[in-house]
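# Structure assessment
One letter stands for each residue in the lines below.
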Amino acid sequence: MHRFANPARFLAIARPLTAWFGWSGALLIAVALVGGLVITPSDYLQGQTVRIMYIHVPAAWLGMAGWSGIAAASFAQLVWRHPLSSVAARAMAVPGAVYAAVCLATGSIWGRPTWGTWWEWDGRLTSMLVLFFLYIGYVALANAAGRSPGGQRITAIYGIVGAVNLPVIHYSVLWWRTLHQGQSIGLSGTSIDRSLLWPLPLSALGFTLLFGAIVLMRMRALLADAKVEARMKRLATA
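### Comments concerning the overall build of the protein chain
The number of helices and strands found in the protein chain is eight helices and two strands. A buried classification covers 42% of the 238 residues belonging to the protein chain. Of all intrachain contacts in the protein chain linking residues separated by at least 6 positions in sequence, the fraction that spans at least 24 positions is 76%. In the protein chain, which carries 18 positive and 6 negative side-chain charges, the distance between the mean positions of the two groups comes to 18 Å.

### Let's talk about the nonpolar core
Counting 39 residues, the largest nonpolar core has F10, W67 and I70 as the members making the most contacts within it. Elements with a minimum of two residues in this core: α1 (7–39), α2 (53–79), α3 (85–115), α4 (123–145), α6 (165–175) and α8 (199–237). The leading source of residues in this core is α3, at eleven residues. With sequence-adjacent residues up to four places away left out, I70 is seen in contact with A89, M92, A93, Y135, Y138 and G159. One finds V50, M53, Y54 and L196 within the second-largest nonpolar core, a separate group that totals six residues.

### Describing α1
Here α1 is 33 residues long and its end C-alpha atoms lie 45 Å apart, about the 48 Å a rise of 1.5 Å per residue gives. The sharpest bend along α1 comes to roughly 25°, located at A14, with the proline P16 sitting one to four residues further on. Along α1, the residues classified as buried are F10, L11, A14, T18, G22, G25, I29, A32, G35 and G36.

### Concerning unusual backbone geometry
Of note, R81 is a non-glycine position whose phi angle comes to about 50°, a positive value. Note that R81 resides in the loop between α2 and α3. The exposed category is assigned to R81, whose relative accessible area is 61%.

Analysis parameters
- Residues numbered from 1 in each chain as written.
- Predicted model: local features only at pLDDT ≥ 70, side-chain atom pairs only at ≥ 80, totals over all residues.
- Heavy atoms only, no water.
- Helix = DSSP H or I, 4+ residues; strand = E, 2+ residues; numbered from the N terminus.
- Buried < 20%, exposed > 50% of the residue type's maximum accessible area, 1.4 Å probe, protein only.
- Contact = heavy atoms within 4.5 Å.
- Lys, Arg positive; Asp, Glu negative; His and termini not counted.
- Charge placed at Lys NZ, Arg CZ, Asp CG, Glu CD.
- Core = buried A, V, L, I, M, F, W, Y, C linked by side-chain atoms within 4.5 Å.
- Expected span 1.5 Å × (residues − 1).
- Bend = angle between axes of the 7 residues up to and from the residue.

Here it is, written out as structure tokens:
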């Protein structure tokens, strides 16, 4: 990965990938939503509310994956001092927070007709809410730290420590008595009928590609800001 540490080399790859990820993701999302909202049948128990899963499940997955990326980038920053690791971690924070918020909002919409309430202090819901607050804290800390080495190290440590919440989210339905349904898709198969399942992987892949495009755009913007700031400092001292 160190061969991509040079910003110019990274940007030469990131520019075309941003467009490819963005347009491919948008196309897959459109196909998945048409299939999930129009073509697939309603569920025999949940009725039309089952269609929320085509947004809710990818949002949940990417909310967790986003923080996994932050933790990995933070680890690379502390151990290998990779020049782009801090930029990558910061770039993932805001889209990760948005996906976590979408997950909470769609889960609440699904819970109202299913559980009879907009919110329940369920293990899965509560731990996902904690993840959202962790994102908000990371964004605030990263903005306050700026580009100082000490502040970036503290932000990286926060990114790694926050990853402790990820297994709590994943195993919450097993560790506690919970209203949230158990895992529907696993290595051994799925409990979702095939007539309802097929748009879900398309939606998950589409939202993942869109996430990647947003992260690349934010990394490019952060690198541009750093370049402008460095140039202004040189002009000020000239």
